Structure formats: structure tokens, C-alpha cells
Amino acid sequence: MLKFETMTDADFQMYQRRAIPQYAYDRVRAGNWKRDESISRAQSEFLQTLPIGSLTEGHSLIVITEADNGNKVGMLWWAMNQRGNQKIAFLAYFSFFLNSAIRDMKPKR
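Residues numbered from 1 in each chain as written. Predicted model: local features only at pLDDT ≥ 70, side-chain atom pairs only at ≥ 80, totals over all residues. Heavy atoms only, no water.

S.K.: Describe the overall build of the chain, listing the residues and the values that go with them.
M.R.: In terms of helices and strands, the chain carries 3 helices and 4 strands. Listing every helix and strand of the chain by position from the N terminus yields β-α-α-β-β-β-α. Relative to its full complement of 109 residues, the chain shows a buried share of 28%. Residue pairs at least 24 apart in sequence account for 37% of intrachain contacts in the chain once pairs closer than 6 positions are excluded. (Helix = DSSP H or I, 4+ residues; strand = E, 2+ residues; numbered from the N terminus. Buried < 20%, exposed > 50% of the residue type's maximum accessible area, 1.4 Å probe, protein only. Contact = heavy atoms within 4.5 Å.)

S.K.: Run through the packing of aromatic side chains, naming residues and quoting values.
M.R.: Each aromatic ring pair is described using two quantities: the centre-to-centre distance and the angle formed by the ring planes. Within this structure, the stated rule accounts for 6 aromatic pairs. A centroid spacing of 6.2 Å and a plane angle of 45° characterise the contact between F12 and Y15, whose relative ring orientation is tilted. Taken together, the positions of F12 and Y15, both in helix α1 (residues 9-29) and 3 residues apart, correspond to about one turn of that helix. Each member of the pair, F12 as well as Y15, is classed as buried. Of the aromatic side chains, those joined through ring pairs into one cluster are F12, Y15, Y23, W33, F46 and W77. (Phe/Tyr/Trp six-rings, centres within 6.5 Å; stacked < 30°, edge-to-face > 60°.)

S.K.: Which residues make up helix α2 (residues 35-49), and what values go with them?
M.R.: The terminal C-alpha atoms of α2, which comprises 15 residues, lie 21 Å apart, in line with the 21 Å expected from a rise of 1.5 Å per residue. Among the residues of α2, S38, A42 and F46 are the ones counted as buried. Of the surrounding secondary structure, the elements contacted by the buried residues of α2 are α1 and β3 (72-83). (Expected span 1.5 Å × (residues − 1).)

S.K.: Tell me about the packing of α1 against α2, residues and numbers included.
M.R.: Relative orientation of the contacting elements α1 and α2 amounts to 130°, with a least axis distance of 8 Å. Judged by the angle between their axes, α1 and α2 are oblique. As for how α1 packs across α2, the hand of that crossing is right-handed. Each of Y15, Q16, A19, I20, P21, Y23, A24 and V28 in α1 lies in contact with α2, whose residues at this interface are R35, S38, I39, A42, Q43, E45 and F46. (Axes fitted to C-alpha atoms, helices over the stretch in contact; angles between N-to-C directions. Parallel < 35°, antiparallel > 145°, perpendicular 65-115°, else oblique. Left-handed = near helix turned anticlockwise from the far one by under 90°.)

Okay, here's the thing in C-alpha cells:
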């Protein structure tokens with residue numbers, strides 16, 4: 001069984017260490033940014049989007065853990081936007097972490 005819990009500050013710091021370089025790389029690869037400015041721009045966008053980290057209003061940053069052992073297996077980030085009279089949720093990011101034991105499993109036949 002999986003548990004979905006609000007991301008702690010430590011979890012958020014770990015997430016940023018992985019997400020900022022990946023986001024910078026994606027923006028460079030898409031031709032939107034120059035490589036030499038990409039990390040600082042990614043850091044700036046993250047700070048603007050999530051000024052108080054996982055506690056930023058309108059954003060939900062969730063850690064997915066295995067209920068029986070507490071292993072972190074993924075994370076979700078969704079946000080709420082207002083369009084006219086409607087509130088719209090969108091999935092900003094998701095990731096699942098596969099440990100080596102799971103990656104090396106052979107399918108059962």
C-alpha cells in the first residue's frame with residue numbers, strides 16, 4: 001500500500017537538487033535557453049513559482065511512500081489555477097523512484 005504525504009522541507013530540498021538541473025537541461029534542449037544561463041534561470045523560476053517551497057499556496061507537493069517500510073517511491077506536484085469562474089488543477093511534475101531491486105526484477109511468466 002502507498003501513502004501520500006505532504007513533502008517536508010528536507011524532501012523539497014532533495015527534490016530541488018534533482019529537478020532544477022533537469023529543468024534547465026530540458027529548456028536548453030528545447031532551444032529556449034542558453035546552456036551557460038540555464039541553471040540560474042531554472043533556480044529563479046523555481047523560486048518565483050514556489051517562493052516558500054512546499055508550503056506555497058495553491059501548490060501541493062506530495063511524497064509517495066510505501067506504507068509498510070517508509071521507502072520513498074515517488075513524488076507528485078500539482079497546482080490550482082483560476083480561469084474565469086473555474087478552478088483548474090494541473091499536474092506540474094511527477095516522478096517514481098525505482099530502486100535497483102525493482103529495476104532488476106524479471107517479469108513472471
